[in-house]
Amino acid sequence: MYALVDCNNFYVSCERAFQPQLEGKPVVVLSNNDGCLISRSAEAKALGLKMGEPYFQVKPLVQQHAVRMFSSNYALYGDMSGRVMHYLSSVVPEVEIYSIDECFLDLHGMEPYLGPLAEQAAGWRHEVRRRTHIPVCIGIAPTKTLAKLANRLAKKSPTMEGVCYLDTDGRRQWALAQTPVEDVWGIGGQYAHKLYAQGIRTAAQLAGQSEAWARKQLGGVVGARLVRELQGTPCQGLQPSEDGTLSRKSIACTRTFGQPLSAFADVLGAVAHFASKAAEKLRRQGSAANVLTVFISKNRFGTEPPPHTRSVVLTLPTGTSDTIELLRHARAALKRIWEPGAVYRKAGVVLDGLETAGQQQLLLFEPNEQAERRAKLMADLDKVNQRFGAGKVKFATAQLPKGEYTAPWAGQHQWQTPAYTTCWEDLLCIRA
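As the structure is a computational prediction, the values presented were derived from the model and not from experiment.

Q: Can you tell me about the environment of Lys 45, naming the residues and giving the values?
A: Looking at where Lys 45 falls in the secondary structure, it is placed in helix α2 (residues 42-46). Residue class for Lys 45 comes out partly exposed when judged on its relative accessible area of 39%. Sequence separation between Lys 45 and Pro 26 is 19 residues; the distance between their C-alpha atoms is 8.1 Å. Not counting chain neighbours up to four residues away, the residues in contact with Lys 45 comprise Asn 9 and Arg 40.

Q: Lay out the UniProt feature "domain: UmuC" (unreviewed entry) in the protein chain in plain terms, naming residues and giving numbers.
A: Per the UniProt record, the feature "domain: UmuC" (unreviewed entry) sits at residues 2-188. Split by type, residues 2-188 is 44% helix and 20% strand. Its first and last C-alpha atoms lie 23 Å apart.

Q: Give a description of the domain arrangement of the protein chain that names residues and reports values.
A: Bring the parts together and some accessible area is lost; that lost area is often taken as the interface size. Under the domain assignment, the protein chain is made up of domain 1 (8-75), domain 2 (78-231) and domain 3 (251-398). For domain 1 versus domain 2, the separation of C-alpha centres amounts to 26 Å. Tallying the contact residues gives 10 residues for domain 1 and 14 residues for domain 2. Approximately 930 Å² of surface area, both sides summed, lies buried where domain 1 meets domain 2, with 63% of it carried by carbon and sulfur atoms. A per-residue breakdown of the area domain 1 buries against domain 2 is headed by Asn 8, Phe 10 and Ala 17, which together make up 58% of the total. One can count one salt bridge joining domain 1 with domain 2. The salt bridge involving Glu 23 is made with Arg 129; its shortest N-O contact spans 4.0 Å.

Q: Hey, could you go over the pairing of strand β7 (residues 136-141) for me, with residue numbers and the actual values?
A: Taking burial as the measure, the six residues of β7 include six buried ones, the bulk of the element. Because side chains alternate across β7, one face comprises the buried residues Val 136, Ile 138 and Ile 140, and the other comprises Cys 137, Gly 139 and Ala 141, equally buried. Two strands pair when backbone bridges link them, and strand β1 (residues 2-7) and β7 are joined in this way by six bridges, in the antiparallel orientation. Counted as the bridge partner of Val 5 is Ile 138 from β7. One ladder, built from three bridges, connects β7 with strand β8 (residues 163-165); its direction is parallel. When the sheet's bridge partners are listed, Ile 138 is paired in β8 with Val 163. As for the winding sense of the linkage, the β-α-β connection from β7 through helix α7 (residues 144-156) to β8 is left-handed.

Q: Give a detailed account of the sheet that holds β7, specifying residues and quantitative values.
A: Taken in spatial order, the five strands line up as β5-β6-β1-β7-β8 in an open sheet, and their pairing is mixed. Two strands lie at the open edges of the sheet, namely β5 (94-99) and β8, each paired on one side alone. Adjacent strand axes in the sheet meet at a mean angle of 15° when their direction is disregarded.

Q: I'd like a description of the pairing of β5, backed by residues and values.
A: The pairing of β5 with strand β6 (residues 102-106) spans five bridges and is antiparallel. Looking at β6, one finds that Val 95 is bridged to Leu 105. Between β5 and β6, which pair antiparallel in sequence order, lie two residues.

Q: Could you give me a rundown of helix α6 (residues 117-132), with the residues and numbers involved?
A: Here α6 spans 22 Å end to end across 16 residues, near enough to the 22 Å set by a 1.5 Å rise per residue. When we look at burial in α6, the residues that qualify are Leu 117, Ala 121, Trp 124, Glu 127, Val 128 and Thr 132. Burial along α6 is one-sided: seen end-on, the buried residues are contained in an arc of 125°. Exposed positions of α6 whose direction lies more than 90 degrees from the buried face are Glu 119, His 126 and Arg 130. Taken together, the buried residues of α6 touch α1 (10-18), α4 (74-89), β6, α5 (111-114), β7 and β8. Following α6 by one or two positions, His 133 adopts a phi angle in the positive range, close to 65°.

Q: Describe the environment of Gly 24, naming the residues involved and giving the relevant values.
A: Structurally, the position occupied by Gly 24 is in the loop between α1 and β2 (27-30). In this structure the C-alpha to C-alpha distance between Gly 24 and Ala 44, which are 20 residues apart in sequence, comes to 9.9 Å. With residues near it in sequence (within four places) discarded, Gly 24 still touches Arg 16 and Glu 43.

Q: Give a description of a nonpolar patch on the surface that names residues and reports values.
A: A surface patch of nonpolar side chains, about 250 Å² in accessible area, is lined by Val 384, Phe 388 and Val 393. By secondary structure assignment, the location of Val 393 is in the segment after α15 (368-388).

Q: For the side chain of Asp 101, give the residues involved together with the corresponding values.
A: Along the chain, Asp 101 falls in the loop between β5 and β6. Buried charge without a partner: Asp 101 forms no salt bridge, and the closest opposite charge is Lys 155, 5.9 Å away.

Q: Account for the sheet that holds strand β4 (residues 68-71), naming residues and giving values.
A: Pairing is mixed across the open sheet formed by three strands, whose spatial order is β3-β2-β4. Because the sheet does not close on itself, it has two edges, and the strands there are β3 (37-40) and β4. The average undirected angle you get between the axes of adjacent strands in this sheet is 25°. Examined bridge by bridge, β2 and β4 share four bridges and lie parallel to one another. When the sheet's bridge partners are listed, Val 29 is paired in β4 with Phe 70.

Definitions and cut-offs
- Residues numbered from 1 in each chain as written.
- Predicted model: local features only at pLDDT ≥ 70, side-chain atom pairs only at ≥ 80, totals over all residues.
- Heavy atoms only, no water.
- Helix = DSSP H or I, 4+ residues; strand = E, 2+ residues; numbered from the N terminus.
- Buried < 20%, exposed > 50% of the residue type's maximum accessible area, 1.4 Å probe, protein only.
- Contact = heavy atoms within 4.5 Å.
- UniProt positions renumbered as here; feature names shortened; annotations may be inferred.
- Domains from an automatic or database assignment.
- Buried area = accessible area lost by both parts, 1.4 Å probe.
- Salt bridge = Lys/Arg side-chain N within 4 Å of Asp/Glu carboxyl O.
- Pairing = 2+ DSSP bridges.
- Right-handed = clockwise from strand over helix to strand, strands pointing away.
- Axes fitted to C-alpha atoms, helices over the stretch in contact; angles between N-to-C directions.
- Expected span 1.5 Å × (residues − 1).
- Arc of directions from axis to C-beta.
- Patch = residues over 30% accessible without salt bridge, like charges linked within 9 Å, V, L, I, M, F, W, Y side chains within 5 Å.
- Areas by Shrake-Rupley, 256 points an atom, 1.4 Å probe, with all protein chains shown as cover.
- Lys, Arg positive; Asp, Glu negative; His and termini not counted.

Shown next, in the form of structure tokens:
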């Protein structure tokens, strides 16, 4: 058996954990630069607010119903996610962290020792809520695809009290019949349209198809596995790495600027900042990148003709996680796509071709001792920033312009709450 644990309206729940007076009130969290809705409370959903809607379009509705808004606070959300995952990792043998608010649990062989899994799941829900004030729902089933489906039903049905356990064939058939085919994990909008055209509207109808049909209609072996999982045959297990998370296949750091930028130094500062953040993530998972992509974008709704985005892809001489090397190549890449006089609204850095650090091919004319010293320098840099706060020590290219306290590229976050759990200055004070 597998379980999928999903935090309900996670970003909103993190805000409510430290502001309990928000319970029962409509709340939304906005994306970077306060652009779009990325998390909504049940009350906000009931008002008709949709995921991904631009804030400026729904502003009248938000003001009419006194909806509480918050800028995204990823330091807080990441730490709260870590607390939830840490507890769940302590009660099951294996965990796959699927996203910041979801994880799969391996429950194989646990029921004879712990008792009914539904009761155990109810206990885990209670304990997560008690420890973190984050509500979760749990779906349990023989396969990961069915566990995902069960979790969706647990969220939508109040009578299930947050736990859906598909332990019998009858319950599995009932769950499949309740689920529209577009809500099946792995079926996107394009496939859903194709399936509807063939008269397949529910997960039960999809599960009734043959493996040969699935191979032909749903992308080969991937589609066949999906159908078999719906039929109750597990085709994919957990994929945990050493620390319980999945190693990324690529790493991206992109942002929309808080204001339009036209000066090369300002855009270079943004690109350098993004490259530095991506390099830190690269080292954290013990990888080295062989390919670097840099892009810059203008306002696609403006009067300038396309193309609105220009990018360049560089194949690096050797795999690296060295911020100095990545910054040097990022600067060269930006110069190649820079248009003097243009006004830019967004930039980003993407690292691909990842391999395990320490196993990449060395440069012919670089002494091994020099590479080791650079690696130690990066390790020391990460230790300092981890101890004293992110960005305490940074490279001059990514430093703020003289006399400025906020980076020109920094996004807007006028409704951001304090980092209650990761910053000493933001810790809650209780006076008895």
